[in-house]
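A structural walkthrough
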Amino acid sequence: MENKKIALGCDHGGFNYKNKIIKYLEDKGYETIDVGTYTQESCDYPEIAHKVAKLVATKEAEKGILICGSGIGMSIAANKTKGIRAALCTETTSARLSREHNNSNILCMGERLIGETMALEIVETWLNTEFSGGRHQHRIDLIE
Ligand code: RB5
């Protein structure tokens, strides 16, 4: 059976949104894997990004969501793992296009830069948009 788990991670800058998104997803029936961080103490985002990237790359999770202050560090770090296509999104059009055209498998957001309502709408859009395939698959193959 296909694995539908969503792996989530954050640093101290994304702590509040990660917890809100986990609740939002669990209320909708998604299974989640929370790799931390679990307190608001300062920590290093690359360690968290690598954990989520590994879960997605090994297919232990279907997709991942990473939150830090800006979303930038998480996206840079996650994209170092082979097979990961992490997209930093600040609005829903990018979230939709990152799925349709780029088959993004990790969503990154910045808690210090976007409002909570927008963050949840981005999550909803991102999870409910399918990859278009076709010419886009060829381009993804070129990335790999
Ligand atoms: C932490 O202060 C901050 O640098 C981090 O959350 C993130 O924005 C890095 O890209």
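Everything below is about the structure shown above.
**Observations regarding the overall build of the protein**
In terms of regular secondary structure, the protein is built from 6 helices and 5 strands. The order of helices and strands in the protein, counted from the N terminus, is β-α-β-α-β-α-β-α-β-α-α. What you see for the protein is a C-alpha radius of gyration of 14 Å, in line with the 15 Å of a compact globule of 144 residues. Once the C-alpha set of the protein is aligned to its principal axes, its extents read approximately 45 × 30 × 25 Å. Considering only contacts within the protein whose residues lie at least 6 apart along the sequence, 69% involve residues at least 24 apart. Accessible surface for the protein amounts to roughly 7,500 Å². Of this, 50% is attributable to carbon and sulfur atoms.

**Details of the environment of valine 123**
Within the secondary structure layout, valine 123 lies in helix 5 (residues 116-127). A sequence separation of 100 residues divides valine 123 from lysine 23, and the C-alpha atoms of the two residues are 12 Å apart. In this view, valine 123 contacts Ile21, Leu25, Ile65, Leu107 and Met109; residues no more than four positions away in its chain are not counted.

**Brief notes about a nonpolar patch on the surface**
There is a patch of nonpolar side chains on the surface, built from Ile72, Ile76 and Leu88 and spanning about 260 Å² of accessible area. Residue position: leucine 88 is located in strand 4 (residues 86-88).

**Things to note about helix 2 (residues 45-57)**
Along its 13 residues, helix 2 runs 18 Å from first to last C-alpha, staying within 8% of the 18 Å computed at 1.5 Å per residue. For helix 2, the complete set of buried residues consists of Ile48, Ala49, Val52, Ala53, Leu55 and Val56. Viewed along the axis of helix 2, the buried residues span an arc of 160°, placing them on a single side of the element. Those residues of helix 2 that are exposed and angled more than 90 degrees off the buried face are Glu47 and Lys54. Those residues of helix 2 that are buried are in contact with strand 1 (6-10), strand 2 (32-34), strand 3 (63-68), helix 3 (72-78) and strand 5 (106-110).

**Thoughts on the pairing of strand 5**
Burial analysis of strand 5 places 5 of its 5 residues in the buried class, which makes it a mostly covered element. In this view, the connection linking strand 4 to its parallel neighbour strand 5 by way of helix 4 (residues 92-100) has right-handed handedness.

**Focus: unusual backbone geometry**
Put simply, glycine 36 and threonine 37 share a cis peptide bond, and its omega is 0°. Along the chain, threonine 37 falls in the loop between strand 2 and helix 2. The backbone of asparagine 103 sits at a positive phi, close to 45°, despite the residue not being glycine. Tracing the backbone shows asparagine 103 in the loop between helix 4 and strand 5.

Basis of the calculations
Residues numbered from 1 in each chain as written. Predicted model: local features only at pLDDT ≥ 70, side-chain atom pairs only at ≥ 80, totals over all residues. Heavy atoms only, no water. Helix = DSSP H or I, 4+ residues; strand = E, 2+ residues; numbered from the N terminus. Rg over C-alpha atoms; globule rule 2.2 N^0.38 Å. Contact = heavy atoms within 4.5 Å. Areas by Shrake-Rupley, 256 points an atom, 1.4 Å probe, with all protein chains shown as cover. Patch = residues over 30% accessible without salt bridge, like charges linked within 9 Å, V, L, I, M, F, W, Y side chains within 5 Å. Salt bridge = Lys/Arg side-chain N within 4 Å of Asp/Glu carboxyl O. Expected span 1.5 Å × (residues − 1). Buried < 20%, exposed > 50% of the residue type's maximum accessible area, 1.4 Å probe, protein only. Arc of directions from axis to C-beta. Right-handed = clockwise from strand over helix to strand, strands pointing away.

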